[in-house]
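Residue strings, one per chain:
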Amino acid sequence: MGEEKGKKKIKLAFYWAATCGGCDVATLDIEEKILDVVSIADIVLWPVAMDFKYKDLEAMAPKSIDVCVWNGACRLSEHEELAKLLREKSKVLIAYGACAAFGGIPGLANVSNKEEIFKIVYQDTATTVNPDFVTPQEELVTDGGDKLTLPEFWNTVKSLDQVVDVDYYVPGCPPQLDTNLAMVGALANFVATGELPPKGAIIGASDKCLCEECPRKREEGKMIERIYRPYELKEVDPEKCLLDQGLLCMGIATRGGCGAKCPSVNMSCRGCYGPSSQVRDHGAAFLSALASILGKKTETEMIGEGTAEEVKELLDQVKDPLGTFYRFSLPISMLKRVQLKEKKG
Amino acid sequence: MATEKKEFEPLIVGITCNWCTYAAADLAGTSRLKYPPNIRLIRVMCSSRINPAFILYALSRGADGVFIGGCHPGECHYIDGNYKALRRIELLRRMLDQFGIEPERLRLEWCSAAEGAKFAQVVTDFTNKLKELGPSPLRSQ
Amino acid sequence: MDRLKSIFKKKEGPKPPVGETKPPVAEEKKPKEVTIAPKTGTVWTEEKPKAAPAGAQKEIVINPITRLEGHGKISIFLNDKGDVREAYFQVPELRGFERFCIGRPVEEVPRIVPRICGVCPWPHHMAATKAVDAVFKAEPPEAAKKLREMLYCAHYMHSHQLHFYALAAPDFVPGPTAPAAERNVVGLIGKVGVELGLEVIKHRGYAQKIQQMLGGRATHPVGGLPGGWSKALSPEERDQVEEMAKKLLDFSKKTVDIFDSVVLKNKDYVDIILGDTYYHETYYMGCVDKNNKVNFYEGMVKVVAPDGTEYAKFEGKDYLKHIGEHVEPWSYLKFPYLKGVGWKGLVDGKGSGIYRVNTLARLNVANGMATPLAQAAYETMYKTFGKKPVHHTLAYHWARVIENLYAAERCLELIQDPEITSKDIRADVGEPGEGVGYVEACRGSLFHHYWADENGMAKKLNILVATGHNNGAICMSVKKAAQSLIHNWKVDPGILNMVEMAFRAYDPCYACATHTLPGKMPLEVDIFDSKGKIYKRLER
């Protein structure tokens, strides 16, 4: 803290959009190394923690911020405004966390739109008492003549790179310890040598799927006949692959780098580290792989299961393809969002 | 899309396996069997080559329907590729329903190399069904 | 080390040892008569005009507010005399969990809803898990409940300690009107020494490790299943947790001592706490066990009236009978209120349905704490105020360190329970239906209510989030602070921070990121003239 290393400190900025705050908390899990960060960087923007005004940001010179770490998806007009502003002011923009990189859990709102969400939140929910269906307004003048504004709520949630150009991605919900240490290392290296990773790099994660990291043992050539919902399997073998045991585990289609924390407590992966670079669509990759190993017989015994009816029973066990395969990555999927039926005509 | 006067012509992307359905399409051609020109055919070596992402890509780029053709079960040139294709397509169909895309827009047919007439007939049927369904909801994007 | 000793020993009024010698201002004892002398070291030096330009009302917009979760906005409107006529606390955030969880398998919802809040994901995971317990009519075995409560107490320690040291403490060290540049954790560590900073980091790390052991990760845990938990605690893990829990207990005791020496021994701070600016008489809601003591994980919902009488006591699943949510068009966040009393607007008193939750509220509704050290601290607090319930908003900070101590004692108690390593942690599940999960989140009462169809897919949800219950009270607190502090067109950076303190005590969690670092809220105040041009800008 305040240590002079003979090198100029970089200017570091943090910003958040449609976020839960978990990314900021996860950063603190690097524990005392946070002090190392403060020793190499001047934090010039951090709404949660530091003196920050939108006007100050606007007054900064273009590219005067060295690195901006952005977490959160974009779903309000304000997020887009700040994204564009920060892109202009920053040399390097990092999409930090699953929400910024892929859309994340808020991206699941792409199953719906503003009208539906407002109706549920402000009218239909069990405790809401709102007979006149008052809803938040983007612009409003109160009875007292006061003008108030709120940012616009979009129909569709976007990842950061669907709004502005992004330099690096740090995946995870939230990014786990090793991933964060890798990011701190990259920052430190940048300060020491001026070098940056190649543009578009994913920092702190592997390009191999989670299975490479996961200590559980897999059975070669196993077909899965029965899929269990997590509460249906009371005894989970701590050594064997979860997918082999019939628990849907997205690890086969998800980047490694997290240390397989969820499988370590007998819970299967849900894909928060996102797709690897080999895959264009996270959900499609998992769908394809799962369908390949789903079956009553081994590969050489499949004769006789050649119709949709015959496989129906198998596939009925997959309860919620969209919500499971695209849990964290709906906005960056090829279809991006659900097509809602028009109310009129 | 101001096409009130003209009848809607669906755009169909067809991905068919080299050994069976693509050959059937060839046969339909050499037999001078008519079928609507809405389908654009892509040849792959096996129906199991088809990554569900291809189908999603076609739909996201505005295809009104996607037609997948493979060998009959038990006749796959690579033994069991079509079984995988079947599961993938069926699972994808269920997911498309969740996405608000009518499951009927994805059609899977087994056509052997000798079934030129069947190929023409199913493609005609698919085209007509898509005309009824109307343009894909993704067209407006 | 000297600085550290001076904090730990109970010296009178520890002034920051380096540099700053100005005492914090003893602010308002009565409203509307406060003048705030400019402090040396503050940024504001320009002389303020006496009269504003003739014309329409003035509008002060604070955007964004900071040092609390998320994006919030305060809009203050002045009347012709330059006093505050109206103030709005707007929450410009909404994501729609109650919509997009529909169609998901209901047992997956506990893995989705922690993302409502990344600082308090465990409350959401626990409430959701208890809700799916109820949906599937699966009563977890005792060992599973103890395991869940033990992990939950570890989470409480992380959350309360982070808030106290990172957010609250800089208001006291260096002080509420210290220069903005120092009013954050870096400044705090500068004053009290790196050692204390490292201790905070280390102990928070213990709490995180305990959570990780069985939750997979501390932020956004997994492991909650209908009827139990996914993994049992091994004897080796038990020993590790016990060791960390003991250290956490020591640190929690120290934290109470620090609060005492830094805040309570400082007369100026005590005056601020006891003053009228941060004071509201509202109903209070919290959770009590069968002995009427505070419990975070399980118990009855209890509500007391502003005069301390019991207003209601009910099971979590009956919350619908008592709580309604009101909507205003200027905020995305709804306003819960007591249906039996009614929505009367943003006002105090027994006639208004507004109620408060969170640390002070929990202590107000209960008869005491279930563990001895926390109970002693509880008694000290109520003796100091002389009556119950305590309505002074800044006492939330005090209640928070008491709860932290209880969490530490309770965590140690549970880890030493022989049943904690039992492997019987899964119950059978029944047919899916409807269920409510109620817990006390660190920031207040939390209700998750799910309806599942016959296939166990979620078809409807209702989620009442902790900070949401405080929405009405926070709006009132901010408006009252603004009205108390801003007069005759006088606005300065010190005032702005004092307005901030009005909501910071509630430890709000609109986005939950504030807990990561302490900081000051940068505020920018624009004063517009009647033509809408910027007349003056005040910045900190």
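Residues numbered from 1 in each chain as written. Chains lettered and ligands numbered in written order. Predicted model: local features only at pLDDT ≥ 70, side-chain atom pairs only at ≥ 80, totals over all residues.

**Q** It is not clear to me how the sheet that holds strand β3 (residues 65-70) of chain B should be interpreted in this structure. Could you clarify?
**A** Two orientations exist for strands paired in a sheet by backbone hydrogen bonds: parallel and antiparallel. All names here are of chain B. On the basis of which strands lie adjacent, the open sheet formed by four strands has the order β2-β1-β3-β4 and parallel pairing. Single-partner strands in this sheet number two, and they are β2 (39-44) and β4 (106-110). Each strand of the sheet is rotated relative to its neighbour by a mean of 20°, with strand direction disregarded. Sheet contacts for helix α2 (residues 52-60): β1 (12-17), β3 and β4; angle to β3, the most-contacted strand, approximately 150°. (Pairing = 2+ DSSP bridges. Helix = DSSP H or I, 4+ residues; strand = E, 2+ residues; numbered from the N terminus. Axes fitted to C-alpha atoms, helices over the stretch in contact; angles between N-to-C directions. Contact = placed C-beta atoms within 7 Å.)

**Q** Sorry if this is basic, but what is going on with the sheet that holds strand β13 (residues 444-452) of chain C here?
**A** Residues and elements named next belong to chain C. One open sheet accounts for three strands, arranged β12-β13-β14; its pairing is antiparallel. The strands lining the two open edges of the sheet, one partner per strand, are β12 (434-441) and β14 (458-464). For this sheet the average axis-to-axis angle between neighbouring strands, irrespective of direction, equals 15°. The pairing of β12 with β13 spans eight bridges and is antiparallel. The residue of β13 that forms the bridge with Ala 441 is Gly 444.

**Q** Would you mind going over the nonpolar core with me for this structure?
**A** The tendency in soluble globular proteins is for nonpolar side chains to be buried side by side. Judged by nonpolar contacts, the single largest core of 324 residues is most densely connected at Cys 68, Trp 70 and Ile 94 of chain A together with Ile 402, Cys 411 and Val 478 of chain C. Take this core: its biggest share by element is 18 residues, from helix α5 (residues 142-172) of chain C. Here Cys 68 of chain A is in contact with Ala 13, Tyr 15, Leu 86, Ser 90, Val 92, Leu 93 and Ile 94 of chain A, once residues within four sequence places are set aside. (Core = buried A, V, L, I, M, F, W, Y, C linked by C-beta atoms within 7 Å. Buried ≥ 20, exposed ≤ 12 C-beta atoms within 10 Å, placed from the backbone.)

**Q** How should I be thinking about the pairing of strand β2 (residues 72-78) of chain C in this particular structure?
**A** Look at any regular strand and the pattern is simple: side chains alternate between the two faces of the sheet. All names here are of chain C. Burial analysis of β2 places seven of its seven residues in the buried class, which makes it a mostly covered element. Both strand β1 (residues 58-65) and β2 contribute to a ladder of six bridges, which runs antiparallel. Within β2, the position partnered with Glu 59 by the bridge is Phe 77. Inspection of the sheet shows β2 paired to strand β3 (residues 84-90) by six bridges, in the antiparallel sense. Bridge pairing in β3 links Ser 75 to Tyr 88. Count of turn residues in the β2/β3 antiparallel hairpin: five residues, of which Gly 82 carries a positive phi of about 85°.

**Q** Looking at this model, I keep getting lost on the interface of chain A and chain B. Mind explaining?
**A** When the parts of a complex come together, some accessible area is lost, and that lost area is often taken as the interface size. Facing 25 residues of chain A, the contacting portion of chain B comprises 26 residues. Elements that contribute at least two residues to the side of chain A that touches chain B include exactly α9 (282-293), α10 (308-315) and α11 (321-325) of chain A. For the side of chain A that touches chain B, the element with the highest residue contribution is α9 of chain A, accounting for five residues. Broken down by class, the residue content of the side of chain A that touches chain B amounts to 16 nonpolar, four polar and five charged. (Nonpolar A, V, L, I, M, F, W, Y, C, P; charged D, E, K, R; others polar.)

**Q** Looking at this structure, I do not really get unusual backbone geometry. What am I missing?
**A** Peptide bonds are trans in most cases, and residues, glycine excluded, mostly fall at negative phi. With an omega of -10°, the peptide bond running from Cys 173 of chain A to Pro 174 of chain A counts as cis. Position of Pro 174 of chain A among the secondary structure elements: in the loop between β9 (168-170) and α7 (177-193). In this structure, Pro 389 of chain C follows Lys 388 of chain C across a cis peptide bond, with omega equal to 0°. Counting through the fold element by element, Pro 389 of chain C comes out in the loop between α12 (372-385) and α13 (395-415).

**Q** For this particular structure, what's the right way to read the interface of chain A and chain C?
**A** Contact residues are listed per partner, giving 74 residues for chain A and 86 residues for chain C. No other element matches helix α1 (residues 22-28) of chain A, which puts seven residues into the side of chain A that touches chain C. Residues of the side of chain A that touches chain C, tallied by class, amount to 42 nonpolar, 16 polar and 16 charged.

**Q** Explanation requested: the confidence of the model for chain C in the structure shown.
**A** Low pLDDT marks regions whose predicted coordinates should not be analysed in detail. On average, residues of chain C score 82 in pLDDT, and 82% of them reach the 70 mark or higher. Scored below 50 in pLDDT, residues 1-50 of chain C shows 96 contacts in the model against residues more than four places distant or in partner chains. (pLDDT = per-residue confidence, 0-100.)

**Q** How do you make sense of α7 of chain A when you look at a structure like this?
**A** Side chains that are three or four residues apart share a direction in an α-helix, a result of its 3.6 residues per turn. All names here are of chain A. Here α7 is 17 residues long and its end C-alpha atoms lie 24 Å apart, about the 24 Å a rise of 1.5 Å per residue gives. Buried positions along α7 lie against α1, α2 (33-40), β2 (41-45), β3 (65-71) and β9. One or two positions beyond α7, positive phi appears at Gly 194, with a value near 80°. (Expected span 1.5 Å × (residues − 1).)

**Q** Just to check I follow, could you spell out the packing of helix α8 (residues 235-264) of chain C against α13 of chain C for this structure?
**A** Angle between the axes and distance between the axes are the two parameters that describe a pair of packed helices. Residue and element names in this part refer to chain C. Where α8 contacts α13, the two axes come as close as 9 Å, and the packing angle between them is 160°. As far as their axial angle goes, α13 and α8 are roughly antiparallel. Relative to α13, α8 is oriented so that their crossing is left-handed. On α13, the residues touching Arg 238, Val 241, Glu 242, Ala 245, Lys 246, Leu 248, Leu 249, Ser 252, Lys 253, Thr 255, Val 256 and Phe 259 of α8 are Trp 398, Val 401, Ile 402, Asn 404, Leu 405, Ala 408, Glu 409, Cys 411, Leu 412 and Ile 415. When its residues are assigned to classes, the contact of α8 with α13 shows 14 nonpolar, three polar and five charged. (Parallel < 35°, antiparallel > 145°, perpendicular 65-115°, else oblique. Left-handed = near helix turned anticlockwise from the far one by under 90°.)

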